[in-house]
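As a plain string of letters, each chain reads:
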Amino acid sequence: MFKFLKKGREVNNLAKSFNGMYLMLQEIVPQIEQNPNQAEFRESILVLAYIATKGVHDRMDENEISMTHKIMIPTIQRGFITVTYAYQLTVGKLLTIANLLEMDEIVNEVMDKGPAFYELENNLPPKVVNNI
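Summary of the structure given here. (Residues numbered from 1 in each chain as written. Predicted model: local features only at pLDDT ≥ 70, side-chain atom pairs only at ≥ 80, totals over all residues. Heavy atoms only, no water.)

Broken down by element type, the chain carries 6 helices and 2 strands. Counting helices and strands in the order they occur from the N terminus, the chain gives α-α-β-β-α-α-α-α. On C-alpha atoms alone, the chain measures out to a radius of gyration of 15 Å, which is about the 14 Å that the 2.2 N^0.38 rule sets for 132 residues. Dimensions of the chain, computed from C-alpha atoms along their principal axes, come out at roughly 50 × 30 × 25 Å. (Helix = DSSP H or I, 4+ residues; strand = E, 2+ residues; numbered from the N terminus. Rg over C-alpha atoms; globule rule 2.2 N^0.38 Å.)

Following this line, the structure appears as structure tokens:
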């Protein structure tokens, strides 16, 4: 029974990670479209890659949450959506932006938990790391 409750809590945390990514992307995408300057958005893109790794990938793996699982994220859409749909609108969009800004390599390194991931994790405020 406790495993069920833990998984429910982690699905809720997954929804929060998707929500945070979605809101950040909604804020920076229009700015990137007007001025695709890598340096200006580098920090935001790397934080998004970190959230995608810790808040999405790790959480899904550790709790066996499938891409077909139904999840509720009101900022994306009313009612339930699949994890796949939320993933496309957040992580998929992040990867597209990383490509546009020619940041593919560093974003993939963060998402693959390479040296850039740990460097970023060590430089992020503990409050940010603990809230993902």
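For the rest of this paragraph, the subject is the nonpolar core. Ranked by internal contacts, the top residues of the largest apolar core, which has 43 residues, are I45 and I71. Contributions of two or more residues to this core are made by α1 (2-34), α2 (38-62), α3 (83-100), α4 (104-111) and α5 (115-123). For this core, the element with the highest residue contribution is α2, accounting for 11 residues. Look past the residues within four positions of I45 in its chain and what remains in contact with it is I28, I32, L94, I97, L101, M103 and V107. (Core = buried A, V, L, I, M, F, W, Y, C linked by side-chain atoms within 4.5 Å. Buried < 20%, exposed > 50% of the residue type's maximum accessible area, 1.4 Å probe, protein only. Contact = heavy atoms within 4.5 Å.)

Let us now look at α4. Buried within α4 we find V107, V110 and M111. For α4, the angular spread of buried residues about the axis comes to 95°, placing them on one side. Among the residues trailing α4, K113 stands out with phi positive, at a value near 55°. (Arc of directions from axis to C-beta.)

This next bit is on the pattern of salt bridges. Tallied over the entire structure, the rule returns 4 salt bridges. In this structure, the salt-bridge partner of E10 is R9, at a minimum N-O distance of 3.8 Å. Exposure remark for E10: the relative accessible area of 11% places this residue in the buried category. Given a relative accessible area of 48%, R9 falls into the partly exposed group. (Salt bridge = Lys/Arg side-chain N within 4 Å of Asp/Glu carboxyl O.)

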